[in-house]
Amino acid sequence: MKTPRVALLGMILESNRFAKPADRADFDSLTWLEGEALMREARAETPSLATEFAAFVAAMDATGPWEAVPCLLAASHPAGPVTAEILAEVVERNAALLGGAGPLDAVYICNHGAMVAEGEDDPDGALIERVRAVLGPDVRIVVTLDLHGNISPRMVSESDLIVGYRTNPHVDMRERGEEAAFSLRRILASGTRPEAVLIKPPIAPASVSLLTAQAPYGTLIDLGQRLQAEARGAILNVSIFGNFIFSDVPDNGLSIIVTAREDRAAAEEVAAQLARVAWGMRDGFRRDLTSVAQAVELAQGSGKVIFSDAGDNPGGGGSGRTTELLAALHGAGCEGVLYGSFADPDLAAEAHERGVGTTFTARFNRGRGDNPWEQWDTPFEAEAEVVALHDGEVVGERGMTAGRRLHLGPSAAIRMGGVTAIIISDRTQTADPVFFKMMGLDIAAASTVVVKSRGHFRAGFDRWFAPEQVYEIDTAGLTSPVLERWPLTRVPRPSYPLDPDTEWVTP
Ligand SMILES: [Zn+2]
């Protein structure tokens, strides 16, 4: 067999319809890499780009000769919809590079799957469709997506294989990147054309009820893997996407994709069985939160607890600077609290100017504007001592970002009474213990830890906190999982649990 030529590209963004639109600076601050620079970063010891992308490259390198044709990979932290201009730039740049690349055997597309663009509710599908249009039907297209992808029929019909994460918190990106590479090797060796089936039961849950260590979602994903194993090679992949509700798009909702090696009927049967089981367990896709008042009581108690500031998760487009829970814990005089992390560059810069050991009045959110996405970034003031400073260049230690380089910008730890808060400059969710450890703070010694992260922190802090010590706090903000609070206009209706009486004839 001749050496396969495989192009690589992608556009990674999880869009929260209500958050600040993603502009070029959002991509430049994370990933905008093309050609040899992209390959160098993918093969770096601690790459800053998507783990599955680096893993795909490593697995291709390890499984025989191949010729990489690197195009453009652009990635932003979760934010609002991307501008039409940037979407067009990424799509057209990749189309031009593919068009001039000479004969290709395959393309690897590394996307998130829940992107929204100005004037386009399915930009992931638009990108895949454009790649297919440039290359024609005989080039295999393999895509990896986040578990929170909002899957459109176009994404499935225009690609050959979609591989989705199977863990939430996300800790299997390396395995999924490798799986995409191994599957591509098999597809190219056999010369077969995979057949994929998509079923979308009308269930559109919030992310807090999509943990894979628990029923119903974990049960469903495990069943998918069992059915794939029982099919003895007939099924190439089973991916069950939970959706990202805050995108507010017509493709919101649970998505079951079963890809058969070549026999479509085998995929249809497995997908239908999974859809029936999902529908039967729909009651489980609901979750109760802990109120702010209950959180204060818990923090004053003797138990060791960790709180998710669920309404303000930068990993879902949150601003990373709401102060509701900070004000409540500080106002109640709670002791032994570590709180990470507030994305407030003005405050971080002031702490750096003043220096370790100095005291000052910390003013949060002094740079707040009057945009709708800033409405929960309430100003807050307290007397503070600068405890530690850092340049914010760190490598993740545990969970989702283990081994990945993070750029947090100038950062500080400031103590306000019994609460020590981490201030960073570049908005990033606190899913990793490194946010506290870089400041010399001892997580084991804290009685309450609060993180601006919805669920990924569970994989980073499991050494210190068992699942029963974890509470999701009902704070206001761009990622409040109380769906009734949001003016969702594009999510298909009826959908469970938004419409409790939703009916569906299962396949
Ligand atoms: Zn996700």
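These numbers were taken from a predicted model, which means no experiment stands behind them.

This part is about the coordination of the zinc ion. Those donors, Asp146 (OD), Asp146 (OD), His148 (ND1) and His170 (NE2), are the protein atoms that reach the zinc ion, and they lie 2.1 to 2.7 Å from it. Taken together, the four donor atoms coordinating the zinc ion span angles of 53 to 145° at the metal, a pattern that classifies the geometry as irregular. Mapped onto the sequence, the donors of the zinc ion take the spacing D-x1-H-x21-H. Taken together, the residues Asp146 in the loop between strand S5 (140–145) and helix H6 (153–157) and His170 in the loop between strand S6 (161–164) and helix H7 (173–190) connect sequence positions 24 residues apart. Assigned by exposure class, Asp146 and His170 land together as buried.

Moving on, we come to unusual backbone geometry. Working note: non-glycine residues mostly have negative phi, and peptide bonds are mostly trans. Pro216 follows Ala215 through a cis peptide bond whose omega is 0°. Mapped onto the fold, Pro216 is located in the loop between strand S7 (195–199) and helix H8 (217–230). For the peptide bond that leads from Gly340 to Ser341, omega is -10°, which places it in the cis range. Looking at the secondary structure, you find Ser341 in strand S11 (residues 337–343). Backbone geometry at Asn243 places phi at a positive 80°, although glycine is not the residue there. When you line up the elements, Asn243 lands in the loop between strand S8 (235–241) and strand S9 (255–260). On the accessibility criterion, Asn243 (0% relative accessible area) is buried.

The next thing to look at is the sheet that holds S9. The antiparallel open sheet is built from three strands, whose spatial order is S7-S9-S8. One side of each edge strand has no neighbouring strand; the edge strands of this open sheet are S7 and S8. Between one strand axis and the next, the sheet turns through 10° on average, direction left out of account. Pairing of S8 with S9, which is carried by six bridges, proceeds in the antiparallel orientation. In the sheet register, Phe241 faces S9, and the bridge partner there is Ser255. Here helix H9 (residues 264–280) sits on the sheet and contacts S7, S8 and S9; the angle it forms with S7, its principal contact strand, is near 20°.

Moving on, we get to the domain arrangement of the protein. Here the domain parsing of the protein yields domain 1 (1–192), domain 2 (194–287 + 481–507) and domain 3 (292–480). Distance from the C-alpha centre of domain 1 to the C-alpha centre of domain 3: 32 Å. At the junction of the two partners, domain 1 supplies 23 residues and domain 3 supplies 21 residues. With both chains or domains summed, domain 1 and domain 3 bury close to 1700 Å², and 51% of this area falls on carbon and sulfur atoms. Counting the surface domain 1 buries against domain 3, the share from its top three residues, Thr46, Pro78 and Pro169, is 25%. Applying the counting rule to domain 1 against domain 3 returns one salt bridge. Two residues, Glu41 and Arg405, come together in a salt bridge whose shortest N-O distance is 2.7 Å. Partitioned by chemical class, the residues of the side of domain 1 that touches domain 3 number 12 nonpolar, eight polar and three charged.

Our focus in this paragraph is the packing of aromatic side chains. The geometry of an aromatic ring pair is captured by two quantities: the separation of the ring centres and the angle between the planes. What the rule picks out here adds up to 15 aromatic pairs. Centre to centre, the rings of Phe56 and Tyr108 are 4.0 Å apart; their planes meet at 10°, and the pair counts as stacked. Taken as a pair, Phe56 in helix H3 (residues 51–62) and Tyr108 in strand S4 (residues 106–110) lie far apart in primary sequence, 52 residues in all. Taking relative accessible area as the criterion, Phe56 reaches 0% and is therefore assigned buried. Taking the relative accessible area as the measure of exposure, Tyr108 reaches 0% and is therefore buried. One aromatic cluster is present, built from ring pairs that chain together Phe18, Phe244, Phe246, Trp376 and Trp486. Residue placement shows Arg24 over the ring face of Trp32; its charged tip is 3.5 Å from the ring centre.

Scoring rules and cut-offs
By convention here, each chain's residues receive numbers from 1 onward along its written sequence. The predicted origin of the model limits local features to residues at a pLDDT of at least 70 and limits the giving and counting of side-chain atom pairs to 80 or more, whereas totals for whole chains, interfaces and linings rest on all residues. Side-chain metrics in this entry use all non-hydrogen atoms of the structure; hydrogen atoms and water are not considered. Counted as coordinating are nitrogen, oxygen and sulfur atoms within 2.8 Å of the metal, or 3.2 Å for Na, K and Ca, while water is not included, which may make sites look incomplete. Square planar and octahedral assignments, for four and six donors respectively, both demand that opposite donors be over 155 degrees apart and that all other angles lie between 65 and 115; tetrahedral needs four donors with all angles between 85 and 135 degrees, and anything else is irregular. Secondary structure elements are defined from DSSP: runs of H or I of at least 4 residues count as helices, runs of E of at least 2 residues count as strands, and each element is numbered from the N terminus. Each residue is assigned to one of three classes by its accessible area relative to the maximum for its type, calculated with a 1.4 Å probe on protein chains only: buried under 20%, partly exposed between the two thresholds, exposed over 50%. Only strands joined by at least two bridges in the DSSP assignment are considered to pair. Only the stretch in contact is used when fitting a helix axis, every axis being a line fitted to C-alpha atoms; angles between N-to-C directions are given from 0 to 180 degrees. In what follows, a contact means two residues having at least one pair of non-hydrogen atoms within 4.5 Å. Note that the domain bounds reflect an automated or database-derived domain assignment. For any pair of parts, buried area is found by adding up, for both, the accessible area (1.4 Å probe) each one loses once the two are put together. By definition here, a salt bridge exists when the distance from a side-chain nitrogen of Lys or Arg to a carboxyl oxygen of Asp or Glu is within 4 Å. Only Asp, Glu, Lys and Arg are considered charged, only Ala, Val, Leu, Ile, Met, Phe, Trp, Tyr, Cys and Pro nonpolar, and every remaining residue, Gly among them, polar. Stacked, tilted and edge-to-face are the three classes assigned to paired rings of Phe, Tyr and Trp, where Trp is represented by its six-membered ring and a pair needs centres within 6.5 Å; plane angles under 30 degrees give stacked, over 60 edge-to-face, the rest tilted. Placement of a positive charge over a ring is assigned whenever Lys NZ or Arg CZ falls within 6 Å of the ring centre and within 35 degrees of the normal to the ring plane.

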